[in-house]
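Structure at a glance
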Amino acid sequence: MSKPTNFSISESLEVVWEAVHQWSADIQEHRDEHEPTEDDVKLAMHWIMDELNYTFDEVGVIIPKL
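Residues numbered from 1 in each chain as written. Predicted model: local features only at pLDDT ≥ 70, side-chain atom pairs only at ≥ 80, totals over all residues. Heavy atoms only, no water.

Here we take up the overall build of the chain. Looking only at helices and strands, the chain has 2 helices and 2 strands in total. Reading the chain from its N terminus to its C terminus gives the helix and strand order α-α-β-β. For the chain, contacts bridging at least 24 residues in sequence account for 31% of all contacts bridging at least 6. Entry remark: accessible area of the chain is about 5,100 Å², with carbon and sulfur atoms responsible for 55%. (Helix = DSSP H or I, 4+ residues; strand = E, 2+ residues; numbered from the N terminus. Contact = heavy atoms within 4.5 Å. Areas by Shrake-Rupley, 256 points an atom, 1.4 Å probe, with all protein chains shown as cover.)

Here it is in structure tokens:
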């Protein structure tokens, strides 16, 4: 997993997305019905990115919206 550079929003978002994907792989076998679902977490991340004016490019790299 990468580490964010201080004050780099895109790198910080990338670290969080890596953690979400790892968490998603880990919960496949041990999911508690009261925990947020993978879709809930990904939707929240998309809302955060939208609020910060960031998006994914065509290959999945996080970039500022133009």
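In this section: the nonpolar core. Core analysis: the largest hydrophobic core is formed by 7 residues, namely Leu13, Trp17, Val20, Met45, Met49, Tyr54 and Ile62. In contact with Tyr54, not counting residues within four places along its chain, are Ile9, Ser10, Leu13, Met49, Ile62, Ile63, Pro64 and Lys65. (Core = buried A, V, L, I, M, F, W, Y, C linked by side-chain atoms within 4.5 Å. Buried < 20%, exposed > 50% of the residue type's maximum accessible area, 1.4 Å probe, protein only.)

Where nonpolar side chains cluster on the molecular surface, the patch consists of Ile9, Ile48 and Leu52 and spans about 230 Å² of accessible area. Among the structural elements, Ile48 can be located in helix 2 (residues 38-51). Residue Ile48 is classed as partly exposed on the basis of its relative accessible area, which comes to 40%. (Patch = residues over 30% accessible without salt bridge, like charges linked within 9 Å, V, L, I, M, F, W, Y side chains within 5 Å. Salt bridge = Lys/Arg side-chain N within 4 Å of Asp/Glu carboxyl O.)

Attention shifts here to unusual backbone geometry. Despite not being glycine, Asn53 has its phi angle at roughly 65 degrees, a positive value. Topologically, Asn53 is positioned in the loop between helix 2 and strand 1 (54-56).

Turning next to the confidence of the model for the chain. Chain-level statistics for the chain give a pLDDT mean of 85 and a share of 88% at 70 or above. Per-element confidence in the chain is highest for strand 1, whose mean pLDDT is 95, and lowest for helix 1 (residues 9-30), whose mean pLDDT is 83. (pLDDT = per-residue confidence, 0-100.)

The final tally for this structure, using the stated rule, is 2 salt bridges. Here Glu38 ties to Lys42 by a salt bridge, and the two come within 2.5 Å at their closest N and O atoms. Taken together, the residues span about one helical turn, with Glu38 and Lys42 both in helix 2 at a distance of 4 residues. Taking the relative accessible area as the measure of exposure, Glu38 reaches 22% and is therefore partly exposed. According to the relative accessible area criterion, Lys42 is partly exposed, its value standing at 22%. Lys65 is the partner of Asp50 in a salt bridge, and the nearest nitrogen-oxygen pair spans 2.2 Å. Of the two residues, Asp50 sits in helix 2 while Lys65 sits in the segment after strand 2 (62-64), which places them 15 residues apart along the sequence. The class for Asp50 is partly exposed, based on a relative accessible area of 42%.

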